[in-house]
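Listed here are the chains, written in short residue letters.
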Amino acid sequence: MILQTIALGMIIATLYGAAFHLWRGGSLWRLGLYVLFAWIGFWGGQWLGTLLGWEFIRVGQLNLGLASIGSFLILGLGYWLSLVQVEPDRKTIKK
């Protein structure tokens, strides 16, 4: 994979993460988290598509369709997992 393909993929994945943050909102920390999730999903989808030999919306060497699907799946899963809130155990709290 050439450098231009990697740069295009990073730009597209970053835009996915930023758009998700724009849609769901949150702090600057959440923006970084969404961009990281988008990168992981994007390159995971690219790798899986290459491994299985599946092609969907190919742009040069970049399998944009499967990479985008991977990015959206990981963004959704990461968002869902980030909603978990840990509550302290009431038995251990002393009054």
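Every chain is numbered on its own, with residues counted from 1 as its sequence reads. Since the coordinates come from a predicted model, pLDDT governs what is reported: local features require at least 70, and pairs of side-chain atoms require 80 or more to be given and counted, while whole-chain, interface and lining totals use all residues. The side-chain values count all of the structure's non-hydrogen atoms but skip hydrogen atoms and water molecules.

## A closer look at the overall build of the chain
Check the secondary structure of the chain and you find 3 helices and 2 strands. Every residue pair with non-hydrogen atoms within 4.5 Å of one another is taken to be in contact. In the chain, the proportion of contacts linking residues at least 24 apart, taken out of those at least 6 apart, comes to 58%. A 1.4 Å probe and the Shrake-Rupley method give the accessible areas. Residues count as covered only by the protein chains that appear here. When the accessible surface of the chain is totalled, it reaches about 6,900 Å², and 71% of it is carbon and sulfur. The helix count covers DSSP runs of H or I at least four residues long, the strand count covers runs of E at least two residues long, and both are numbered beginning at the N terminus.

## What about a nonpolar patch on the surface?
Patch membership requires more than 30% relative accessible area and the absence of a salt bridge. Residues of like charge join within 9 Å; the nonpolar side chains Val, Leu, Ile, Met, Phe, Trp and Tyr join within 5 Å. Whenever a carboxyl oxygen of Asp or Glu lies within 4 Å of a side-chain nitrogen of Lys or Arg, that contact is scored as a salt bridge. Together, Leu8, Phe56, Ile57, Val59, Ile69 and Leu73 make up an exposed nonpolar region whose accessible area comes to about 530 Å². Its location among the elements puts Phe56 in the loop between helix H2 (28-52) and strand S1 (58-59). The buried label goes to any residue with under 20% of its type's maximum accessible area, the exposed label to any with over 50%, and the partly exposed label to all in between, with areas taken from a 1.4 Å probe on protein chains only. Classification of Phe56 by relative accessible area gives partly exposed; the value is 40%.

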